[in-house]
Amino acid sequence: GASIGRGEKATDTIDTGDDSVGQKLEIKSFYKPTAKLSPIFATSDKSVFTAQEIRQTVTDYVESEKLISETNKRLVKLNPTLANAVFDGSGSLDKEVLAKGSVPRDALIDRVSRAMTGSYAILRNGADPHSVKMRSGTPPKVHITLETRSGNKMVTKVSGLEVYYVNPRPLADELRKVCAGSTSVEPLAGGAKKTEKPVEEVMVQGPQKDAVVKALEKRGVNSRWIEVLDKTKGKKK
């Protein structure tokens, strides 16, 4: 492919004028209490919590309610709130915990976390997690797709960039120079609702997965957040 042979020097020296180059990205997961769990979080003025904040809040709650076992500091005695909000009795663990009337603190914190509604925020350059708009569910992937078009002509497509603060057009400009091949930027069909900004897809001539991954890493996108689909072989990588 054209990306082979240009070496690392090309991606390191090309100046794209792209302010996403060198940015630091971090994904933070957040959890929102359900109505049943609200008594546990009543003393906090926050609406969502990080995993660390959940642990501290649950610890503060069991200590304030004097639920720590006198014989084992790692065990928490159940009160009606914990029994009703966290353990509904449907599973074997629930029945065992309810029968004993106590639960290990770590197991309690894990169950509280899993009972909450999950969301995430992608933080840029150390932004305050509580100042960033959160989205429900799990973080999306940047998709790199290799496919064959017009006979044996192979192309590489990249989408899902905007959520990671990557502008598709400067990225396409860099890839055109690095890969010594044509690139294009087009709206991704079905990529956004009518009320949202268009989601764009970058297309690069040739099998350019490695060049794309390197360009994304320069922009703070961790390889764990990238999904590669090779349609020329019919399998994910």
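This one's a predicted model, so the numbers in the text were calculated from it and none came from an experiment. Throughout this document, residue positions are counted from 1 along each chain, in the order its sequence is written. For this predicted model, a pLDDT threshold of at least 70 governs which residues receive local features, and a threshold of 80 or more governs which side-chain atom pairs are given and counted, while totals over whole chains, interfaces and linings are taken from all residues. Think of the side-chain values as coming from all heavy atoms in the structure, minus any hydrogens and water.

Caption draft 1: Spatial organisation of the packing of helix 6 (residues 168-179) against helix 7 (residues 209-218). Every angle, taken between N-to-C directions, lies between 0 and 180 degrees, and every axis is a line fitted to C-alpha atoms, over only the stretch in contact when it is a helix. Put simply, DSSP marks the helices as runs of H or I at least four residues long and the strands as runs of E at least two long, and each gets a number from the N terminus on. Where helix 6 meets helix 7, the closest approach of the two axes is 11 Å, and the angle between their N-to-C directions is 135°. The angle between the axes of helix 6 and helix 7 places the two elements in the oblique class. As for the relative orientation of helix 6 and helix 7, their crossing is right-handed in sense. Contact with helix 6, carried on its side by Leu171, Glu174, Leu175, Val178 and Cys179, involves Ala211, Val212, Ala215, Leu216 and Lys218 of helix 7 and no other residues of that element. Should an angle fall under 35 degrees it is taken as roughly parallel, and over 145 as roughly antiparallel, whereas 65 to 115 is taken as roughly perpendicular and any remaining angle as oblique. It is the rotation of the near helix from the far one that decides the hand of a crossing: anticlockwise by less than a right angle makes it left-handed, clockwise makes it right-handed. Contacts are assigned to residue pairs that have any heavy atoms within 4.5 Å of one another.

Caption draft 2: Layout of the side chain of Asp94. Along the polypeptide, Asp94 turns up in helix 4 (residues 92-100). By relative accessible area, which is 3% here, Asp94 ends up buried. Dropping the residues within four chain positions of it, Asp94 is found in contact with Val86, Phe87, Asp88, Gly89 and Arg111. Relative accessibility under 20% of the residue-type maximum defines a buried residue, over 50% an exposed one, and the middle range a partly exposed one, all with a 1.4 Å probe and only protein chains included.

Caption draft 3: Looking closely at the pairing of strand 9 (residues 200-205). Any two strands with at least two DSSP bridges between them are considered paired. Taken together, the four bridges between strand 7 (residues 153-159) and strand 9 define a ladder with antiparallel strand orientation. Across the sheet, Thr156 pairs through a bridge with Val204, a residue of strand 9. Sheet analysis places strand 8 (residues 183-187) next to strand 9, joined by five bridges and oriented antiparallel. Residue pairing across strands places Pro187 opposite Glu200, the latter belonging to strand 9.

Caption draft 4: Structural detail: the environment of Lys32. Following the sequence through the fold, Lys32 ends up in strand 1 (residues 25-32). The partly exposed category is assigned to Lys32, whose relative accessible area is 47%. A sequence separation of 81 residues divides Lys32 from Ser113, and the C-alpha atoms of the two residues are 8.9 Å apart. Not counting chain neighbours up to four residues away, the residues in contact with Lys32 comprise Ser47, Val48, Met116 and Thr117.

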